[in-house]
Amino acid sequence: MQIIYVDDPADERLSDFRAVSDPDLARTRGLFIAEGRLVVRRLLTESAFVPRAVLVTPSAMKAVEDVLPSRPGVPVYIVPKGVMDNVAGFNIHRGCLATGERPPRADWRACVQQARRVVVLERVGDADNVGGIFRSAAAFGADAVLTGPACADPLYRKAIRTSMGAALTLPFADVDPWPAALTMLKAEGWAVAAFTPAADAMPLRDFASATRPSRVAIVLGHEGEGLTDEALAACEFRVRIPIHASVDSLNVATAAAIALYELGQDI
């Protein structure tokens, strides 16, 4: 292991970690930031992504030192907490950060080629919601997540953190063309379901029963406005989660979790 002790926040070797609070800078450098001890462990042990460096405080080092030998070429910088706060620009990192290399853009068709259940997102712009959806997708056996227009970056640090590292282990890809890709999935035999609170949509449990054992793509939209008319029209099914009449809709990440649970009863 390359263990390097640093006590100067201006040290150039820590420059990539200054992108923590600036997602555009991280992307420009071809990086993503993994934040927190569990997430960093997953990057080092479970992810296909290439880690570039680890930054830890002495106390956090104890939480990851057992997995560091699995990545012997990755430098590990040990710094006092004050130095980490200064470099990162905030103090909720739990003393453990890592940088990873952004992969080339994935082909969404290859991403779903062997899949049976996928989540497709349109205009889900909140990073916490995207991260929550990845976490549920991993928990309930989805095979991939496809992101359409105006979605938050799955490799933004908040999305990675909220996903508990699932964004580093679950395949995902941007979808293009949109919404024609939904029609393409239908043509390949997928049951493509637009999730909507509309009263005339099929109840989720009925949809789940009707489509087993089909390949299923659940399509979820904007936190406030839902799916666009074009996306709705491109889907074969319109599906709703029955809720109390006094509530107009569910948070999109909550809806994804319920849908994936119901569809994953055969896992």
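Before going into details, it helps to say that this report is about the structure given with it. (Residues numbered from 1 in each chain as written. Predicted model: local features only at pLDDT ≥ 70, side-chain atom pairs only at ≥ 80, totals over all residues. Heavy atoms only, no water.)

1. Some details on the overall build of the chain
No. 1: When helices and strands are tallied, the chain shows eleven helices and twelve strands.
No. 2: Relative to the compact-globule value of 18 Å for 267 residues, the chain shows a C-alpha radius of gyration of 20 Å, a close match.
No. 3: Its C-alpha atoms put the chain at 60 × 40 × 30 Å along the principal axes.
No. 4: Counting across all 267 residues of the chain, residues that qualify as buried make up 51%.
No. 5: Relative to all contacts within the chain whose residues are 6 or more apart in sequence, the contacts with residues 24 or more apart total 78%. (Helix = DSSP H or I, 4+ residues; strand = E, 2+ residues; numbered from the N terminus. Rg over C-alpha atoms; globule rule 2.2 N^0.38 Å. Buried < 20%, exposed > 50% of the residue type's maximum accessible area, 1.4 Å probe, protein only. Contact = heavy atoms within 4.5 Å.)

2. What about the pattern of salt bridges?
No. 1: Tallied over the entire structure, the rule returns 15 salt bridges.
No. 2: The closest approach of N and O atoms between E46 and R42, which form a salt bridge, is 3.6 Å.
No. 3: Of the residues examined, R42 reaches a relative accessible area of 26% and is grouped as partly exposed.
No. 4: Three or more residues are tied together by salt bridges with common partners; here these are D16, R29 and R52. (Salt bridge = Lys/Arg side-chain N within 4 Å of Asp/Glu carboxyl O.)

3. Quick word on helix α9 (residues 204-211)
No. 1: Buried within α9 are the following residues: L204, F207, A208 and T211. Seen end-on, α9 carries its buried residues on one side only, within an arc spanning 100 degrees. For α9, the exposed residues lying more than 90 degrees away from the buried face are R205, S209 and A210.
No. 2: In the core, the buried residues of α9 are packed alongside β9 (191-195), β10 (202-203), β11 (216-220), β12 (237-240) and α11 (252-263). (Arc of directions from axis to C-beta.)

4. Concerning the packing of aromatic side chains
No. 1: Scanning the model with the defined rule gives five aromatic pairs in all.
No. 2: Note on F134 and F172: the rings are 5.7 Å apart at their centroids and 85 degrees apart in plane angle, and the pair reads as edge-to-face. Taken together, the positions of F134 in helix α6 (residues 127-139) and F172 in strand β8 (residues 172-174) put the pair 38 residues apart, joining distant regions of the chain. Of the two residues, F134 and F172, both sit in the buried class.
No. 3: Aromatic ring contacts, followed pair by pair, group F32, F49, F134 and F172 into a single cluster. (Phe/Tyr/Trp six-rings, centres within 6.5 Å; stacked < 30°, edge-to-face > 60°.)

5. Notes on the sheet that holds β9
No. 1: The seven strands are arranged β8-β7-β6-β11-β9-β12-β10 in an open sheet whose pairing can be described as parallel. The open sheet has two edge strands with one neighbour each: β8 and β10.
No. 2: Relative to β8, strand β7 (residues 144-147) runs parallel, the two sharing three bridges. Looking across to β8, one finds that L146 is bridged to A173.
No. 3: Against the sheet, helix α8 (residues 180-187) engages β6 (117-121), β9 and β11, with an angle of about 140 degrees to β9. (Pairing = 2+ DSSP bridges. Axes fitted to C-alpha atoms, helices over the stretch in contact; angles between N-to-C directions.)

6. Thoughts on the packing of α6 against α11
No. 1: Closest axis-to-axis distance for the α6/α11 pair is 8 Å, and the angle between their directions is 10 degrees. The orientation of α6 with respect to α11, classified from their angle, is roughly parallel. Contacts between α6 and α11 involve N129, I133, S136 and A137 from the former and V252, A253, A256, A257 and L260 from the latter.
No. 2: Here the contact of α6 with α11 is built from residues that sort into seven nonpolar, two polar and no charged. (Parallel < 35°, antiparallel > 145°, perpendicular 65-115°, else oblique. Nonpolar A, V, L, I, M, F, W, Y, C, P; charged D, E, K, R; others polar.)

7. A closer look at helix α4 (residues 81-88)
No. 1: Those residues of α4 that sit buried are V83, M84, D85, V87 and A88.
No. 2: Looking at the buried residues of α4, the elements they touch are β3 (50-56) and β5 (96-101).
No. 3: Directly after α4, the chain includes G89, whose backbone phi takes a positive value near 85 degrees.

8. Comments concerning the nonpolar core
No. 1: Among the nonpolar cores identified, the biggest contains 57 residues, and V56, V119, L168, F195 and I218 are the most heavily contacted of them.
No. 2: Sorting elements by how many residues they give to this core places α11 first, with seven residues.
No. 3: The residues touching V56, leaving out its near neighbours within four places in the chain, are M61, V64, V76, Y77, I78, V79, M84, G95 and C96.
No. 4: By size, the runner-up hydrophobic cluster in this structure holds 23 residues, among which are W108, V175, W190 and A234. (Core = buried A, V, L, I, M, F, W, Y, C linked by side-chain atoms within 4.5 Å.)

9. Points about the pairing of β7
No. 1: Neither face of β7 is exposed, since A144 and L146 on one face and V145 and T147 on the opposite face are all buried.
No. 2: Here β6 pairs with β7 via four bridges, running parallel. Bridge pairing in β7 places V118 opposite A144.
No. 3: In this fold, β6 hands off to α6, which returns the chain to β7; that crossover is right-handed. (Right-handed = clockwise from strand over helix to strand, strands pointing away.)

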